[in-house]
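This is what each chain is made of:
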Amino acid sequence: MANLISSWSNKVEALPQSYVLPIHERPSDSVRIVKEIPVIDLGQAYGEERVVVAQQLLKAWEEYGFFQVINHGISENLMEEAMKVYEEFFSLPVEEKADYAKVAENAGCKAMLYSNLAQYYGTKEYSYWRDALNHNCDDPEILPHNPPRFREVIGSYSGEVRKLSKFILGLVSEGLGLEEGYFDKELGRRMVINHYPPCPDPGSTLGLGGHCDADIITLTQQKVYGLQILTYDEKWIGVEPLPNAFVVNCGLALTVISNGKLASRVHRVVTNKTQARTSISTFILPKDVVEPGKSSLDDGPPIFKSFNWYTEFMPHYFGFQSDNTAALEAFKIKA
Ligand SMILES: O=C(O)CCC(=O)C(=O)O
Ligand SMILES: [Fe+2]
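Residues numbered from 1 in each chain as written. Chains lettered and ligands numbered in written order. Predicted model: local features only at pLDDT ≥ 70, side-chain atom pairs only at ≥ 80, totals over all residues. Heavy atoms only, no water.

### Let's talk about the nonpolar core
And then number 1: Among the nonpolar cores identified, the biggest contains 82 residues, and W61, I168, F183, I217, F246, L254 and F313 are the most heavily contacted of them.
And then number 2: Counting residues per element, this core draws most heavily on helix α3 (residues 150-176), which supplies 12 residues.
And then number 3: Among residues more than four places away in sequence, those in contact with I168 are L42, L57, F67, V69, I217, L219 and V248.
And then number 4: Among the nonpolar cores identified, the runner-up in size contains 12 residues, and Y64, I229, V239 and V247 belong to it. (Core = buried A, V, L, I, M, F, W, Y, C linked by side-chain atoms within 4.5 Å. Buried < 20%, exposed > 50% of the residue type's maximum accessible area, 1.4 Å probe, protein only. Helix = DSSP H or I, 4+ residues; strand = E, 2+ residues; numbered from the N terminus. Contact = heavy atoms within 4.5 Å.)

Below you can see the structure in the form of structure tokens.
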């Protein structure tokens, strides 16, 4: 049974040794919490301004690897309900969640609950301060039925986020000059709900270490501060949560598809002493083969090979554990 932090964290006064990070990995106190991560109004993307919005998205990604979207069409009420349902799930007694925590037996897993699994941005040397529920989105039968509204709320939420992701990818594809309908094929999706309980010593640990996401794009809903991004000049900045917005970042698969134009940025999560933080991330995954898309903009030759994302890339990516920023190097075409 996964040793969920949330099942014992309120009983400890000191941070257990296995969560104490080496000094160079600990978060510093001086990180600024900023409002500068571009906020993009998707309501503008229906009319003549569509081209402008597409350019705003790409520019934000070039600068930060992240943007936030508002007026995205998902109701405030559904977003709140989804957050509530997941928070309630994490606060259930551990026995209630036991079926989802049998990660080992659940290999190939449709829904699983774990803490610091080495292959999911974990490490073997020390642990990060997070629990996570990871589930697919296509089969409601695999979702928890406690809290009782879980399946209904998350079923609707996941459908709405799917639509939103298609809309954003439509804009991205236009901005990159990819052939029409480039992202129209049915892509994979997975939801990861990270839960970071209040932590006795936030200065000595992280909720999640620095990493790039491997997918095409990730859409994250957050309420409590904790997400930090590494800027081009190697400084960490904190993303101030914006109510009812989604934070959207570019994953490594999109770096390949955009032929290196869009870089995936390193990010991490810090903890705090008083408030649990729950974030809901939907990962939009490629089909199988990933390669630079043909662009109508004159781009020069492809810099990446074509490769199978699941069988070739993912084992390689997980091999990097928490430091996976260089995972794409092996898939570059050597000059
Ligand atoms: O908790 C967050 O805000 C981000 C989580 C994250 O980066 C991830 O699950 O890949
Ligand atoms: Fe991430």
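### Observations concerning the UniProt feature "domain: Fe2OG dioxygenase" (unreviewed entry) in the protein chain
And then number 1: Annotation from UniProt places "domain: Fe2OG dioxygenase" (unreviewed entry) at residues 185-286.
And then number 2: For residues 185-286, helix accounts for 6% and strand for 42%, while the C-alpha atoms at its two ends are 10 Å apart. (UniProt positions renumbered as here; feature names shortened; annotations may be inferred.)

### Structural notes on the coordination of the iron ion (ligand 2)
And then number 1: Looking at the iron ion (ligand 2), the protein donor atoms are H211 (NE2), D213 (OD) and H267 (NE2), and they sit 2.1 to 2.2 Å from it.
And then number 2: Here the donor residues of the iron ion (ligand 2) are spaced in sequence according to H-x1-D-x53-H. (Donors = N, O, S within 2.8 Å, 3.2 Å for Na, K, Ca; no water.)

### Points about the packing of helix α2 (residues 76-91) against α3
And then number 1: Running from N to C, α2 and α3 cross one another at 130°; their axes reach a closest spacing of 9 Å. On the basis of the axis angle, α2 is oblique to α3. The hand of the α2/α3 crossing is left-handed. The residues of α3 that touch α2, namely those facing L78, M79, E81, A82, V85, Y86 and F89, are F150, V153, I154, S156, Y157 and E160.
And then number 2: Class assignment of the residues belonging to the contact of α2 with α3 gives a composition of 10 nonpolar, 1 polar and 2 charged. (Axes fitted to C-alpha atoms, helices over the stretch in contact; angles between N-to-C directions. Parallel < 35°, antiparallel > 145°, perpendicular 65-115°, else oblique. Left-handed = near helix turned anticlockwise from the far one by under 90°. Nonpolar A, V, L, I, M, F, W, Y, C, P; charged D, E, K, R; others polar.)

### Focus: the pairing of strand β10 (residues 236-239)
And then number 1: Of the strand pairs in this sheet, strand β1 (residues 32-34) and β10 are connected by 3 bridges, and their pairing is parallel. Residue pairing across strands places I33 opposite G238, the latter belonging to β10.
And then number 2: If you look at the hairpin formed by strand β9 (residues 227-230) and β10, you'll find 5 residues sitting between the two strands, and E234 has a positive phi there, around 65°. (Pairing = 2+ DSSP bridges.)

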